Structure formats: C-alpha cells, structure tokens
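Observations on chain architecture
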Amino acid sequence: MGAGREVLISLDGVRDKNLMQLKKLNTALFPVRYNDKYYADALASGKFTKLAYYSDICVGSIACRLEKKESSVRVYIMTLGVLAPYRGLGVGTKLLNHVLDLCSNQNITEVYLHVQTNNEDAINFYKKFGFEITETIQNYYTNITPPDCYVLTKIITQSQTKK
C-alpha cells in the first residue's frame, strides 16, 4: 500500500432524494426484492442506514431497522452489501463499524441479522466482528436455495468501544 494509493471511503445518509441508490444497489447485490416497508424502515432508522462511496462511486450500503425489545432497543441489520469489485477494500468494515459505534454511543446492546446458511463469506465477515450464530431457521427464504438461514447476534458491552 504505497502512498498515493490512499482512497477515501465515505458514508452518506439515505434520504428520499438518494433512496433510488439504495434500491439499485439492492437489486445488484441480493437475490430477493425488498418491499416498501423495508425502505420505510431504512429511512426511519436515520443514521443507522448509510450508503458507502469509494472515490465518490456508490459501491455499498447498510440498512438497519431499530426494534423495541422489552425496555430496550436492538438493531436488526436488514442488509449490508458491497459490489463485488470493491470487496476486500474496507468498505463493508467501515459500514459495520459505523453501526457498531452508533450502538455503543447509544447504549444499544444487541445487533442481529439473518444470513443464508451457504453464505460463508458473510458468516466469516461477521464472526470477525464478534457475531455468533445463535439460531438456525429452516425455510426462512422462499425463492432462493438453500432456503435456510442463520441468525447471527452480537451483544455489545459498553467496554467494547473500539478506536
């Protein structure tokens, strides 16, 4: 990594005016189509949903939903994806760390997501951040094979603030 090879990865919030960017990314990245509720939840999550830019090119996103659980709030990562040519460059790491930092700052202690059981790259990615497989759900997906998913969960303690 020589000097001159430094490329800025920046994050931007998702708003009505750039929501189409998120829709286009999701179409390119995921084998399922997301409904209006997904996009409403993504917009409602505020800072928890971001687009990622690599040298000013939109290459990835994270979309979350905030859920009330008893007396607290937990974060559900609905989607996190990076276009294939830009994987391994730190874009996904920056997106996930953004959400984990927000959780730490807002005393949110639980983050979870669903991953298709054959998506080893995603499972290994999340495990690097301390997520653990906490459940297997049979037939979670309807139009893709395999239809099963894992639930990956991370419990955040306030001593885990990383810098």
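Quick notes on the rules
- Residues numbered from 1 in each chain as written.
- Predicted model: local features only at pLDDT ≥ 70, side-chain atom pairs only at ≥ 80, totals over all residues.
- Heavy atoms only, no water.
- Helix = DSSP H or I, 4+ residues; strand = E, 2+ residues; numbered from the N terminus.
- UniProt positions renumbered as here; feature names shortened; annotations may be inferred.
- Axes fitted to C-alpha atoms, helices over the stretch in contact; angles between N-to-C directions.
- Parallel < 35°, antiparallel > 145°, perpendicular 65-115°, else oblique.
- Left-handed = near helix turned anticlockwise from the far one by under 90°.
- Contact = heavy atoms within 4.5 Å.

A cis amide bond links Thr145 with the next residue in sequence, Pro146, at an omega value of -5°. In this structure, Pro146 sits in the loop between β6 (132–137) and β7 (149–155). Residues other than glycine seldom take positive phi values, yet Asp56 does so here, at roughly 70°. With a phi close to 55°, Asn139 is a non-glycine residue in the positive phi region. Tracing the chain through its elements places Asn139 in the loop between β6 and β7.

Right, let's talk about the UniProt feature "domain: N-acetyltransferase" (unreviewed entry) in the protein for a bit. On the UniProt side, "domain: N-acetyltransferase" (unreviewed entry) is annotated at positions that read residues 9–157 here. Counted over residues 9–157, helix gives 30% and strand 36%. Its end C-alpha atoms are 27 Å apart.

What describes two packed helices is the angle between their axes and the distance between those same axes. Viewed as axis vectors pointing N to C, helix α1 (residues 19–29) and helix α2 (residues 36–44) meet at an angle of 125°, and their least axial separation amounts to 12 Å. Between α1 and α2, the crossing angle belongs to the class labelled oblique. Classified by chirality, the crossing of α2 by α1 is right-handed. Contact residues: Leu19, Leu22, Lys23 and Asn26 in α1; Tyr38, Tyr39, Ala42 and Leu43 in α2.

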